[in-house]
Amino acid sequence: MATEESNPPGAAEITKPAESTETPTTTHNAIDKPAADQLDGAGSPGNGNALADTELKVEVKLADLQADPDNPLYSAKTFEELQLSDELLKGIHQMNFRKPSKIQEKALPLLLINPPQNMIAQSQSGTGKTAAFSLNILSRVDISNVAPQALVLAPSRELARQILGVISHMGQFIEGLKTMAAVPDPSRRGQKYEAHVLVGTPGTAMDMIRRRLIDPRSIKILVLDEADNMLDQGGLGEQCTRVKALIPGSFQTVLFSATFPEHVINFAQKFAPNANVITLAHEELTIEGIKQLCIDCPSESEKYDVLLKFYGLMSQASSIIFVRKKATAEELEARMTADGHKVAQLSGNLEGDARDRVIDSFRSGEAKVLITTNVLARGIDVQSVTMVINFDVPTMANGRDPDPETYLHRIGRTGRFGRVGVALTLIHDRPSWEQLHAIADYYKTEVQPLPLEDWDTVEETITKVIKNSRAGKSTVDMVK
Ligand SMILES: Nc1ncnc2c1ncn2[C@@H]1O[C@H](COP(=O)(O)OP(=O)(O)OP(=O)(O)O)[C@@H](O)[C@H]1O
């Protein structure tokens, strides 16, 4: 019944370090995170096709998005201008990246400066932060030294594996490059981590360094992805601080996230002293390509019926249902399965291998519905996800106060890099109504209520979202 991790923003301006940026970084003493299932029709209000092919013409629209200076995907420059190696440029083109996004264009020149400088960078979800820090890492690795030179830490096993995949893909033309995951893996017991780039979770990284299976002496870059989460949460923050203290000498510290609440930013600046800082105001954080909707359910127990009805509106698209507690994830899985739906469920109750199987089946499209907790609220990039459902409004650990950061990360699992998506939040009483409205106020965004008893209108609304996005309306206007 325990609550899963919950987590707790700054105009796209670059703040120069207050002091001289001569020194690359800090030392170890610094302070230291059924197929949509075809819900076979029962209760299905619509023709079940509304979201079927939202894998829309993203490619076509992307060029427009990247030409709009107000868009976070905007780019005036090319990767070629960043003076990356030919091998890296080949990797980027292999990944079909035509131009850098705004965060890549802004962060990369600063990240690549010599001597290296620390960085704290914020950009909306799905705008390519991973590629930004990965390109810096791959540009700095010395292939002749097969020892960990870059350590990337992420809050979940799934995100660490995903980042590793991006770095390996991007670096595929760099001859001799070795990358490894530092996540719990019983099959590796006692084996050394002999690779240039390691991506892991803080607990495992700390453990492996202490047991001398990771040699930290050559580490020259430490990246914390989802850095506000990594530094804010008691356990994770402590582990990140310890990992940092175990790395000798000076190294470049890089902190990335879509959110940096004020109470974390001070700590972040101590963790990455004299960093170049790229921040956004929280009004700039929501992505217009993500249509935010809510349904006021008659009671908590009737949320499930509403959920099932809503599923009738989609056929092949992938979706994620977020709940607050592991027990609710398991209960929903059991009920939906009993009701004939094919769903996958991932929460902290599952062990490593089982978790890998669940996320892999969701990525491949074998499982179209994923029920999960905040453990997957951050970073996970599955482009086919067109719908996010907040079965529970995200709240802080006390269950009472709204958690705007987690809300933003959860809905950001859709609408990735210019794609469109729908985020539906179920509310059922005054407190949940107030929590959602507090979140909407915080981001100065609109959450459109859907009429519960008029499913034709619900379907019409969603179809309109998709049509508008095809016309390039909603996404082009995003983040003014
Ligand atoms: N320059 C680019 N051109 C085209 N696609 C890109 C580019 N950069 C990144 N992408 C794609 O955009 C998607 C989102 O990128 P990424 O996962 O790095 O987002 P993010 O900013 O880290 O999001 P989050 O805050 O949710 O972690 C990925 O599928 C990635 O492959």
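These figures come from a predicted structure and were not determined experimentally. (Residues numbered from 1 in each chain as written. Predicted model: local features only at pLDDT ≥ 70, side-chain atom pairs only at ≥ 80, totals over all residues. Heavy atoms only, no water.)

Chemist: So what exactly am I meant to see when it comes to the sheet that holds strand E12 (residues 369-372) here?
Modeler: Sheets are built from strands that pair by backbone hydrogen bonding, the pairs being arranged parallel or antiparallel. The sheet built from seven strands is open, its strands ordered E11-E12-E10-E13-E14-E9-E15 with parallel pairing. This sheet does not close on itself; its edge strands, each paired only once, are strand E11 (343-346) and strand E15 (448-450). Adjacent strand axes in the sheet meet at a mean angle of 25 degrees, parallel and antiparallel pairs treated alike. The pairing of strand E10 (residues 318-322) with strand E13 (residues 385-390) spans five bridges and is classified as parallel. Bridging from a neighbouring strand, Ile-320 pairs with Val-388 of E13. Across the sheet, helix H10 (residues 303-311) is in contact with strand E9 (290-296), E10, E12, E13, strand E14 (421-427) and E15; its angle to E13 comes to roughly 170 degrees. (Pairing = 2+ DSSP bridges. Helix = DSSP H or I, 4+ residues; strand = E, 2+ residues; numbered from the N terminus. Axes fitted to C-alpha atoms, helices over the stretch in contact; angles between N-to-C directions. Contact = heavy atoms within 4.5 Å.)

Chemist: How should the confidence of the model for the protein chain be read in this particular structure?
Modeler: Caution is warranted with low-pLDDT regions, since their predicted coordinates should not be read in detail. The predicted model of the protein chain averages 83 in pLDDT, with 81% of residues at 70 or higher. Across residues 470-480 the pLDDT falls below 50, and counting only partners more than four positions away or on other chains, this stretch makes 38 contacts in the model. Listed scores for the predicted complex are pTM 0.84 and ipTM 0.99. (pLDDT = per-residue confidence, 0-100.)

Chemist: Sorry, what's going on with helix H11 (residues 326-338) here?
Modeler: Structural remark: α-helix, 3.6 residues per turn; residues separated by three or four positions point the same way. For H11, which comprises 13 residues, the first-to-last C-alpha distance of 18 Å matches the rise-based estimate of 18 Å (1.5 Å per residue) to within 8%. Taken together, the buried positions of H11 are occupied by Lys-326, Thr-328, Ala-329, Leu-332 and Met-336. For H11, the angular spread of the buried residues around the axis is 160 degrees, confining them to a single face. If you follow the buried residues of H11, they end up packed against H10, E10, E11 and E12. Just downstream of H11 lies Gly-340, where phi reads positive at about 90 degrees. (Expected span 1.5 Å × (residues − 1). Buried < 20%, exposed > 50% of the residue type's maximum accessible area, 1.4 Å probe, protein only. Arc of directions from axis to C-beta.)

Chemist: Just to check I follow, could you spell out the nonpolar core for this structure?
Modeler: Taken as a class, soluble globular proteins show a tendency for nonpolar side chains to be buried jointly. Core analysis: the biggest nonpolar cluster contains 58 residues, and Leu-84, Ile-137 and Phe-256 have the highest contact counts within it. With seven residues, the top contributor of residues to this core is helix H5 (residues 157-170). Setting aside anything within four residues of it in sequence, one finds Phe-256 in contact with Ile-103, Ala-107, Leu-111, Met-119, Ala-121, Lys-129, Ala-132, Phe-133, Leu-224, Asp-225, Glu-226 and Ala-227. Formed by 34 residues, the second largest nonpolar core is a distinct cluster that contains Leu-198, Leu-224, Phe-271 and Ala-272. (Core = buried A, V, L, I, M, F, W, Y, C linked by side-chain atoms within 4.5 Å.)

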